[in-house]
Each structure stands twice: as structure tokens, then as C-alpha cells.
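Letter by letter, the chains look like this.
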Number of protein chains: 2
Amino acid sequence: MTNTGLGERQIIRILTRRFATSQPSLPLGFDDDVAVFPFSRNRWIVLKTDMLFGHTDVPPGMSLEQAARKAVVATVSDFAAKGVQPLGLLISLGLTPPVGPRIVNEIANGLNRAAREYDCRILGGDTGESDDLVIDCIGFGLAEPKRMLRRSGARPGDVIAVTGTFGKTAAGLRILLAKNKASAMRFSKLVESVTHPMARLETGLKLARSGAVHSSIDSSDGLAWSLHEIARLSRVDILLENIPVAPEAEVFARRESLGAEDLALYGGEEYELVVAIRRDAFSDLKKRIPSLIRIGRVEAGRGEVRVLSRGRMRSIEPRGWEHMVSMSPYSRNHLLSSRAH
Amino acid sequence: MTNTGLGERQIIRILTRRFATSQPSLPLGFDDDVAVFPFSRNRWIVLKTDMLFGHTDVPPGMSLEQAARKAVVATVSDFAAKGVQPLGLLISLGLTPPVGPRIVNEIANGLNRAAREYDCRILGGDTGESDDLVIDCIGFGLAEPKRMLRRSGARPGDVIAVTGTFGKTAAGLRILLAKNKASAMRFSKLVESVTHPMARLETGLKLARSGAVHSSIDSSDGLAWSLHEIARLSRVDILLENIPVAPEAEVFARRESLGAEDLALYGGEEYELVVAIRRDAFSDLKKRIPSLIRIGRVEAGRGEVRVLSRGRMRSIEPRGWEHMVSMSPYSRNHLLSSRAH
């Protein structure tokens, strides 16, 4: 066995290359937010699986109910980015014995709440015995191929826009990891962005219906990474005019002597959408979706992302949140021990 | 937190009750082998998730490639029991760092092999960092509601039949756990039933097309459990005329002073189908599917399963293979340590 550990993206690259060469090609690449199966000429089955692990995805201070809800939000967010309504969910659970009824009920609360929020039904699932909390949330939906938003497709001249500000979850995560209660009270919005994330489903559906969106991705791997994915898969450059830092993250960053723009660019588990919109359609769309923020534009190029900041141009690295690389695991038992409070 | 640990079935009971009361009812109960979403009057989307955990589902002596293949077989087996062709698969992986390319390639080998065997495509997936190997295999397919086989539906007079003999995996598992190489060589068929299980997909599709099957379930939780599920959900009794013990399991049981019938009834992870067939159709169907073995009949009743053995009637308990209850976990590291051989 080699000692060189692969990162999540390298693992995915090996797997998808192996899958792709062993079967006929699919209408949507393995690189996109969801998987599709062509059901008929004008109907695709859309599928997505997103697996949450207690020790890497659930920071201290987050309840089991919140973790279960988050597992659904992560999957729904990928549907939002494609402009597709998720219709049904399957839930696979790995639980550590002994499992009491309260644990099961808290998980059911979180799953039911999220299913109601995003108007989808829980159809079934599986459970098993695991060392750590595992929640795999699988979503399915139906899409018209013409309407579905893809990561590729951005064109020079397009406006790059996002559905909200960034940096909140990176800051909130730091507060939770520091277990500083005063900070958590003062910056409750930042903490809430981690414990109660929102998928932009309604916005994603509107964006898809507009017919003006050329490219779309969710930002769960971080804003910088998402921009690079659009640039790489669309074979264009992206020029950022401003970095949409959340005001609360700005205040927190100043207090903690952190780079606010870094929090916004290289955080992750932030479920905003990042989209490329036809230039002439942007201002109309902005009227219908006020949360849209213009952050830059698409230029001809070969996949670079740059920002014009204080009169100088600098490159934005393709870094982002990544399992196996980005963070050391949280303690495994906080979900159970914190439950007594 | 309570100290009374729930078993897998109690956990599922709580969850499904919670899901069922919070949303409109589904055309197929949570109790069945797969989940369905009504797509149109004559088309259902069929979905299934089955999660494999290294330390409870992968015994020592089983390779990573075999484990990956088995994860697919477990999901395909549920489609087989419903008579539905799985079309696409999603794979969610939890891996323990450091992960080398060889590990990823072995998993890809197993997944690709199984996808080819059962003629379905791998559409996508997810990966994450986990303490233990986790492979969640999600299958999707399409079914005609009228054709789909359910667990409920067995009627008095029906023949109870299975697609093969039982007891091999319970015996093979004992051999693997004992790490006895001589035994493993002598009883290679038993070991192979664990390391290279087969889903009865072709048989399941034929059974569904016949129109003569009233009820069907796979036997992954054990023969006794499967019979009880048919009896409970169909509200009938089942009278067994013989217990279909595999000859190799019989020999092994004699040598080890074990009850061969117990191995056959209360084993598990055995992927045969257990079906109730219209009495007048059985002999015709047997000609087309020679592997079918008649083991008993359905009688009016309230969900009991009995066997007539040596002139005496005895009850068969609703026991079966169950996570959290049935077995102590295997060592967590054998998948990596055994990889050197």
C-alpha cells in the first residue's frame, strides 16, 4: 500500500475515468452537480447522492436534528443549481450502537423538516451499523434537457452572479470549533449559516425558467472552486469585479485578524448558487430575483479566474473545501455527548 | 441517553412511522424491498439504496474488489425480487485516509464488474472521509405497476418456491471467520457464496413476466425472515414442506455438529428469491426456470410460518440477520492488511 494519500478530487478523477471508459457516454458528465439518465428525448431522470459523515461534516455545537436536515439541504442544493425540483428522497443511515429512540426521533425530525421545506417526499432508505454517524441523502427528480442548467455553457460577455454573500460558513465554523459561547452569541448569524444552511431551490427553479442562465453550480466546495469549475468546463476565463463578502463575516474577520476575502473565496459548505447569465437579461432577472449579486463577467480564455482588486489583477487559485485534505476530523462523540444539554 | 439499544428493524419501524405520518401515502409501503415514486399511471420510478459497511458486511478473506461488487449485488437483488431491471447506479463511498490509487482501482474494478454483470450503468456518486469502508449503492429503474412483484399478495393455495438452496453463506461466513485455510479450500463453494454472491436478476425478470407470481422478496435477511415478511404482509400462513438446505452446507454442518436447517433458515446475505406462485402455474414455470424449488404452500391464516418435519408441525421463528443485533463487528483493518497477499 502506498503512503501517498489521494485527495477527494483525485479519487473522484480515478473513479470517473474508470466508469467513463467502461460504458457508453452519458448526456451529462460525471463532473456536474447531479447525474442524469436519459428517460426519453424530452425527459431526464436526475439523481444525486451526498453523504454526510459525523466527524467531517458535523462540527461541535450542531445537533443531530440539524445534521440530518443539513444532509438533505446538501442534496437539494445540487438540484437547485440545476434548476430541477427534487421529488423524492432516499435516506441511508449509519448509526453507532447503542441507538436509543431519541436519536432516531431527532434524525427523523431533521429529515422531515427538510423534506417539507423543499417539498419533496421521503420514499425509503436503509440503515446499518457504523462507527460514526453516516447520512447518505439521495435525491431524484425529472428535468427537461433543454431547461436544465449545467456547469459548462458560460460564454464571453455573460454576467457572473451569485445568490447571496459568502464567508459566513467559514467564519461560523471557526466559532463553533473554538467553542467560544460569547462569540457564538455575538455572531449568531454566522453560526446559523453552518447549523441551519439553506438551499436556494426556489431561486434555482426561477433561474432555470428564465432561459437566461448559461451555466450554474452550487458553491458547496467554496466560491473559488465553483468559479474555476465554470471556467474549466465552459473553457472561458472569469474576471471578478468584487468578492461578495458577507458583512458579518467582514466584521468577524477584522476582529480575528483574518482575511475576509479568503473566508469568502475558500470556505465551503455554503449553499449559494454561482451562475453565468446572458448580459442583456441580467437587469430584468435581478428585478425578479433581488438576491442576485453581480460579481464579475466571463471573458474568452482557457479556464482562469482573476480578480481586479485595488487596481491590480491577481489570480484566484482553484482551492476549495475537500474531504481528506481540507480539515482534521472533529471529535467523533460530540453528537452524543452534547445531546445532554 | 437510554442504554437500551434498538435493533435495525426497530429503528426502521420508528423512522418509517415518522415518515409515513408526515406525508401522503405511497403506492408501495416502506416495508417492501424497494421504494417507488408514481411517475405516471403506468410507470413507476423504482429506487433502492443499500449501504455496505466494512466492519459488519465484509468478513475477513474478502477483497476490496469483492466488497465493492457485493455492494452492487445487494442492491440489484432487491430489483430482482421486484422483477425490475435496474438501469442506473449511484455509488457513495466512505474511505479511510490515506487512500492510495490501488484501493480506488480495486473498488472501481468491483463496481464495474457488477454493473456489467447486471447490465446497468454507473451514473455518478459521492466520496467522503470515513473511519471504515462505506459503500452505498443506489439503484434506479422503471416499472409497470401491474407487473411489479410485491411482498404482499400471497394467497391461500399458492406454492411457495425459492430460486436456489440455502445455508451456504451462513456456513461460508463461519469458515471465513475461523480463518481456517484447509476448510476454506475444502468448502470453496461455501466461501464463494459469501465472497462472490449472485443476484437472481434474470430469474426475477422472468418471474415478473410470467404473471403467475403473487408475492416476492429477496432473502438477504434470511429465509425464515423472508417467509415471515410474505406471511405478515399478505396476511396468510405459510406451511413449509421442506427446508431447502444446500448439500455443501449439509456436509459442513454434519462435520461441525451444527444444525443444517438452522444454517438455511436463519443465515442471511443470501440473495435467492422467495416467491408465492399461483398453484396451477407452478409446473409450467418450473419448466422455464429449472432452478425453482417448491418448498411449501400458502394457507389462510394470520402470519404464521410452520414446518412439517418428521411428521410433526413446528413454528419457525421470525428471526433473521439484523444489523446492530446479529453479529459482532469484524476487525476494521483486515481489508487493508489482507491486501498485501
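Along each chain, residues carry numbers from 1 onward, in the same order as the chain's sequence is written. Labels follow written order: the first chain is A, the first ligand is 1, and so on. In view of the model being predicted, local features appear only for residues whose pLDDT reaches at least 70, and side-chain atom pairs are presented and counted only at 80 or more, with totals across whole chains, interfaces and linings using the full set of residues.

1. Points about the overall build of chain A
Part 1 of the reasoning: Secondary structure elements are defined from DSSP: runs of H or I of at least 4 residues count as helices, runs of E of at least 2 residues count as strands, and each element is numbered from the N terminus. Of the regular secondary structure elements, chain A holds 13 helices and 12 strands.
Part 2 of the reasoning: Taken over C-alpha atoms, the radius of gyration is set against a globule rule of 2.2 Å times the number of residues to the power 0.38. A compact globule built from 341 residues would reach a C-alpha radius of gyration of about 20 Å, and chain A, at 20 Å, matches this within 12%.
Part 3 of the reasoning: Principal-axis analysis of the C-alpha atoms places the extent of chain A at approximately 55 × 55 × 50 Å.
Part 4 of the reasoning: For chain A, buried positions account for 55% of its 341 residues.
Part 5 of the reasoning: It is the C-beta atoms, placed from the backbone, that decide contacts: two residues are in contact if theirs lie within 7 Å. In chain A, of all internal contacts separated by at least 6 residues, the share reaching a separation of at least 24 is 83%. Remark: C-beta atoms are placed from the backbone, and a residue is labelled buried if 20 or more other C-beta atoms sit within 10 Å of its own, exposed if 12 or fewer do, or partly exposed between those counts.

2. Overview of the relation of the copies chain B and chain A
Part 1 of the reasoning: Least squares is used to superpose the copies, and the fit set is the C-alpha atoms of residues whose pLDDT is at least 70 in both copies. Each copy superposes on the other: chain B lies on chain A with an RMSD of 0.0 Å after a rotation of 180° and an axial shift of 0.0 Å. Those values place the two copies in the arrangement expected of a two-fold rotation axis. Across chain B, the smallest distance between a C-alpha and the rotation axis is recorded for Asp131(B), namely 3.5 Å.
Part 2 of the reasoning: Looking at chain B, 100% of its interface residues are interface residues in chain A too, so the copies touch through the same face.

3. Observations regarding the interface of chain B and chain A
Part 1 of the reasoning: Listed as interface residues are 62 residues of chain B and, on the opposing side, 62 residues of chain A.
Part 2 of the reasoning: Contributions of two or more residues to the side of chain B that touches chain A are made by α1 (8-21), β1 (35-40), β2 (43-53), β3 (86-95), α4 (101-117), β4 (121-129) and β5 (134-143) of chain B.
Part 3 of the reasoning: Of the residues forming the side of chain B that touches chain A, the biggest block, nine residues, is contributed by β4(B).
Part 4 of the reasoning: For this scheme, ten residues count as nonpolar: Ala, Val, Leu, Ile, Met, Phe, Trp, Tyr, Cys and Pro. Four count as charged, namely Asp, Glu, Lys and Arg, and the remainder, Gly too, count as polar. Classifying every residue of the side of chain B that touches chain A gives 31 nonpolar, 20 polar and 11 charged.

4. Observations regarding the packing of helix α3 (residues 64-82) of chain B against α4(B)
All names here are of chain B.
Part 1 of the reasoning: To obtain each axis, a line is fitted to C-alpha atoms, and for helices this fit is confined to the stretch in contact; angles are then taken between N-to-C directions over 0 to 180 degrees. Contact geometry for α3 and α4: axes closest at 7 Å, N-to-C directions at 35°. In this structure, α3 crosses over α4, and the sense of that crossing is right-handed. On α4, the residues that touch Leu-64, Glu-65, Gln-66, Ala-67, Ala-68, Arg-69, Val-72 and Val-73 of α3 are Ile-103, Glu-106, Ile-107, Asn-109, Gly-110, Leu-111, Arg-113, Ala-114 and Ala-115.
Part 2 of the reasoning: Of the residues that constitute the contact of α3 with α4, the class distribution is 10 nonpolar, three polar and four charged. Definitions for this section: a left-handed crossing has its near helix turned counterclockwise from the far helix by less than a right angle. A right-handed crossing has that turn clockwise.

5. Section: the sheet that holds strand β2 (residues 43-53) of chain A
Residues and elements named next belong to chain A.
Part 1 of the reasoning: Taking strand neighbours across the sheet as the criterion, the five strands line up as β1-β2-β5-β3-β4 in an open arrangement whose pairing is mixed. On the outer flanks of this sheet lie β1 (35-40) and β4 (121-129), each paired with one strand and no other. Each strand axis lies, on average, 15° off the axis of its neighbour in the sheet, ignoring direction.
Part 2 of the reasoning: We call two strands paired when DSSP finds no fewer than two bridges between them. Taken together, the eight bridges between strand β3 (residues 86-95) and β4 define a ladder with parallel strand orientation. In the sheet register, Gly-88 faces β4, and the bridge partner there is Arg-121.

6. Considering the domain arrangement of chain A
All names here are of chain A.
Part 1 of the reasoning: Domain limits in this description derive from either an automatic procedure or a database domain assignment. Taken domain by domain, chain A comprises domain 1 (20-147) and domain 2 (159-315).
Part 2 of the reasoning: Each of domain 1 and domain 2 has a C-alpha centre, and the two are 23 Å apart.
Part 3 of the reasoning: Taken together, the contact between domain 1 and domain 2 spans 21 residues of the former and 24 residues of the latter.
Part 4 of the reasoning: Class assignment of the residues belonging to the side of domain 1 that touches domain 2 gives a composition of 10 nonpolar, five polar and six charged.

7. Observations concerning the environment of Ala208(B)
All names here are of chain B.
Part 1 of the reasoning: Mapped onto the fold, Ala-208 is located in helix α8 (residues 201-210).
Part 2 of the reasoning: On the basis of neighbour counts, which here come to 23 C-beta atoms within 10 Å, the residue Ala-208 falls in the buried class.
Part 3 of the reasoning: Each C-alpha atom of the pair Ala-208 and Arg-147 lies 6.0 Å from the other, and the pair is 61 residues apart in sequence.
Part 4 of the reasoning: Setting aside residues no more than four positions away along its own chain, Ala-208 makes contact with Gly-83, Arg-147, Leu-149 and Val-213.

8. With respect to the pairing of β4(A)
Part 1 of the reasoning: For β4(A), the tally of buried residues reaches eight of nine residues, placing the bulk of the element in the interior.
Part 2 of the reasoning: Seen with the strands pointing away from the viewer, any crossover whose path from the first strand over the helix to the second strand runs clockwise is right-handed. Handedness of the β-α-β unit built from β3(A), helix α4 (residues 101-117) of chain A and β4(A) comes out right-handed.

9. A short note on α4(A)
Part 1 of the reasoning: For a helix, the expected span equals 1.5 Å multiplied by the residue count minus one. Across its 17 residues, α4(A) extends 24 Å between first and last C-alpha, which sits within 8% of the 24 Å expected from 1.5 Å per residue.
Part 2 of the reasoning: Those residues of α4(A) that fall on the buried side of the exposure criterion are Ile103(A), Val104(A), Ile107(A), Ala108(A), Gly110(A), Leu111(A), Asn112(A), Ala114(A) and Ala115(A).
Part 3 of the reasoning: Residues of α4(A) that are buried make contact with α3 (64-82), β3 and β4 of chain A together with α1 of chain B.
Part 4 of the reasoning: One or two residues past the end of α4(A) sits Asp119(A), with phi positive at roughly 55°.

10. Focus on the sheet that holds β5(B)
All names here are of chain B.
Part 1 of the reasoning: Across the sheet, five strands lie side by side as β1-β2-β5-β3-β4; this open sheet has mixed pairing. Each edge of the open sheet is held by one strand with a lone partner, namely β1 and β4. Ignoring which end each strand starts from, the neighbouring axes of this sheet average 15° apart.
Part 2 of the reasoning: Two strands pair when backbone bridges link them, and β2 and β5 are joined in this way by 10 bridges, in the antiparallel orientation. Along β5, the bridge assignment pairs Thr-49 with Ile-138.

11. What to know about unusual backbone geometry
Residues and elements named next belong to chain A.
Part 1 of the reasoning: Here Pro-97 and Pro-98 are connected by a cis peptide whose omega angle stands at 0°.
Part 2 of the reasoning: Relative to the assigned elements, Pro-98 resides in the loop between β3 and α4.
Part 3 of the reasoning: Even without being glycine, Ser-257 reaches a positive phi, approximately 55°.
Part 4 of the reasoning: Its location among the elements puts Ser-257 in the loop between α10 (247-256) and α11 (260-266).

12. Description of the environment of Arg319(B)
Residue and element names in this part refer to chain B.
Part 1 of the reasoning: As for its placement among the helices and strands, Arg-319 is situated in the loop between β12 (312-315) and α13 (334-337).
Part 2 of the reasoning: According to the C-beta neighbour criterion, Arg-319 is partly exposed, with 17 such atoms within 10 Å.
Part 3 of the reasoning: Spatially, the C-alpha atoms of Arg-319 and Phe-187 are 26 Å apart, while their sequence positions differ by 132 residues.
Part 4 of the reasoning: Apart from residues lying up to four places away in sequence, Arg-319 is in contact with Ala-224, Trp-225 and Tyr-266.

13. Here we look at the confidence of the model for chain A
Residues and elements named next belong to chain A.
Part 1 of the reasoning: Note: pLDDT gives the predictor's confidence per residue, expressed from 0 to 100. This prediction gives chain A a mean pLDDT of 91; 93% of its residues lie at or above 70.
Part 2 of the reasoning: Considering only residues more than four positions removed or in separate chains, one finds that residues 332-341, a stretch of pLDDT under 50, has 13 contacts.
Part 3 of the reasoning: The ipTM value of the predicted complex is 0.91, and its pTM value is 0.93.

14. Observations regarding the pairing of strand β11 (residues 305-309) of chain A
Residue and element names in this part refer to chain A.
Part 1 of the reasoning: Judged from the three bridges that link them, strand β8 (residues 236-240) and β11 form a sheet pairing that is parallel. Directly across from Leu-239, in β11, lies its bridge partner Arg-306.
Part 2 of the reasoning: Linking β11 to strand β12 (residues 312-315), which pair antiparallel, is a turn of two residues; within it Arg-310 sits at a positive phi near 50°.

15. Thoughts on the environment of Asp78(A)
Part 1 of the reasoning: Note on placement: Asp78(A) falls in helix α3.
Part 2 of the reasoning: Residues contacting Asp78(A), with those up to four places away along its chain left out, are Asp33(A), Val34(A), Lys48(A), Asp50(A) and Asp218(A).

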